[in-house]
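# Coordinate inspection notes
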Amino acid sequence: MNMDVNAIKQATRGKVWFDRLTQNFERIESGIESLQIAEGKINNQIVRVFCITADTQNRFPRARNGEVGLLEGWGLAHAVNQLIEQDQDASKKRGILCLVDVPSQAYGRREESLGIHQALAAAVDSYARARLAGHAVVSLLVGKSMSGAFLAHGYQANRILALKDSGVMVHAMGKESAARVTLRTVEELEHLAQRIPPMAYDIESYASLGLLSGLIEVESAEDPTQHDLASVTQSIAGAFEDIPQQGRCDLSHRLQAQNRQASLRVRELMKAQWS
């Protein structure tokens, strides 16, 4: 199988930011080369950091470019579950930082037959249970945050931050795939995206949907400077400080953006009818 060099280069972003942000942290062995874990302090908050990175020797070829596959899904679930159990009786639970640079979930016959839907659902469940158990969860999007991979790793966070950079994109599928599914050209999709934010790929449009807690200006998303690292660390620290002050473990704050008012109204009507 020929490797997608551009995909590997893109997935390297996550590894770069992981290495820079955790250079003084303790590395934790996950047993999976593509699952990087470290623990340390950001201000006064003890944080465990999780990142999925490219592994060209992954035993599953479809998960060699930084995708979230079977190993990654079950590995995340196991590692987060361990943290929940370890902090079960702690007065102050450790925070969780998800560094997100995932081009997709892994597509393949082996993945489907071995239940990738269960592996990714297990990761989602673990992150959600950690959040509901009192672990502050923050995600930092540094590259592509696509499809089921983002749902499994990053989307369950109390707060989602993102670098303000053209290489940071959030969507259900790649442009070419979306064009095929909708029987349009990529150019037609890009034109529609200019007036329909949910169809756009740029991070500014995603922010308008109310799902981001902050966009962070950086000089270089590919090779962060010391100023970039300081700015991002400060934003992460601010997010961790803000979460307990809000006193809520749910994600209802995401509905407060102007572009989400229809969603909020639908929920209110459904709640009224259900009651």
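Shown above is the structure to which this text applies.
What this report covers is the structure whose coordinates are included nearby.

Reading guide: rules and limits
Residues numbered from 1 in each chain as written. Predicted model: local features only at pLDDT ≥ 70, side-chain atom pairs only at ≥ 80, totals over all residues. Heavy atoms only, no water. Helix = DSSP H or I, 4+ residues; strand = E, 2+ residues; numbered from the N terminus. Rg over C-alpha atoms; globule rule 2.2 N^0.38 Å. Buried < 20%, exposed > 50% of the residue type's maximum accessible area, 1.4 Å probe, protein only. Contact = heavy atoms within 4.5 Å. Phe/Tyr/Trp six-rings, centres within 6.5 Å; stacked < 30°, edge-to-face > 60°. 1 Å grid on protein atoms, 1.4 Å probe; cavity = no way out; pocket = protein on both sides within 12 Å on 5 of 7 lines; lining within 4 Å. Points joined across faces, edges and corners; volume = space filled by probe spheres on them. Nonpolar A, V, L, I, M, F, W, Y, C, P; charged D, E, K, R; others polar. Axes fitted to C-alpha atoms, helices over the stretch in contact; angles between N-to-C directions. Parallel < 35°, antiparallel > 145°, perpendicular 65-115°, else oblique. Left-handed = near helix turned anticlockwise from the far one by under 90°.

### Quick word on the overall build of the protein
- Within the protein, the secondary structure is distributed over ten helices and eight strands.
- Taking 2.2 N^0.38 as the reference for a compact globule, 275 residues should give roughly 19 Å; the C-alpha atoms of the protein span a radius of gyration of 18 Å, in line with that estimate.
- Each of the three principal axes of the protein carries a C-alpha extent, and together these read 55 × 55 × 40 Å.
- When each of the 275 residues of the protein is scored for burial, the buried share is 51%.
- At a minimum sequence separation of 6, the contacts of the protein that also span at least 24 residues come to 70%.

### Considerations on the packing of aromatic side chains
- This structure, assessed with the given rule, holds two aromatic pairs.
- Centre to centre, the rings of Phe50 and Tyr127 are 6.4 Å apart; their planes meet at 90°, and the pair counts as edge-to-face. With Phe50 in strand S3 (residues 45-52) and Tyr127 in helix H4 (residues 116-132), this residue pair connects regions lying 77 residues apart in the sequence.
- Classification of Phe50 by relative accessible area gives buried; the value is 0%.
- Aromatic pair Phe150 and Tyr155: ring centres 5.5 Å apart, planes at 80°, arrangement edge-to-face.

### Quick notes on the layout of surface pockets
- As a volume, the second largest pocket reaches approximately 290 Å³.
- Lining the second largest pocket are 19 residues, and of these Gln45, Ala136, Phe240, Ile243 and Pro244 lie nearest its centre.
- In the lining of the second largest pocket, the residues fall into seven nonpolar, seven polar and five charged.

### Some remarks on the packing of helix H2 (residues 70-86) against H4
- Running from amino to carboxyl end, H2 crosses H4 at an angle of 25°, the nearest separation of the two axes being 8 Å. On the basis of their axis angle, the class for H2 and H4 is roughly parallel. Between H2 and H4 lies a crossing of left-handed hand. Along the contact surface, H2 presents Leu70, Gly73, Trp74, Leu76, Ala77, Val80, Asn81 and Ile84, while H4 presents Ile116, Gln118, Ala119, Ala122, Ala123, Ser126, Tyr127, Arg129 and Ala130.
- When the residues that make up the contact of H2 with H4 are grouped by side-chain class, the tally is twelve nonpolar, four polar and one charged.

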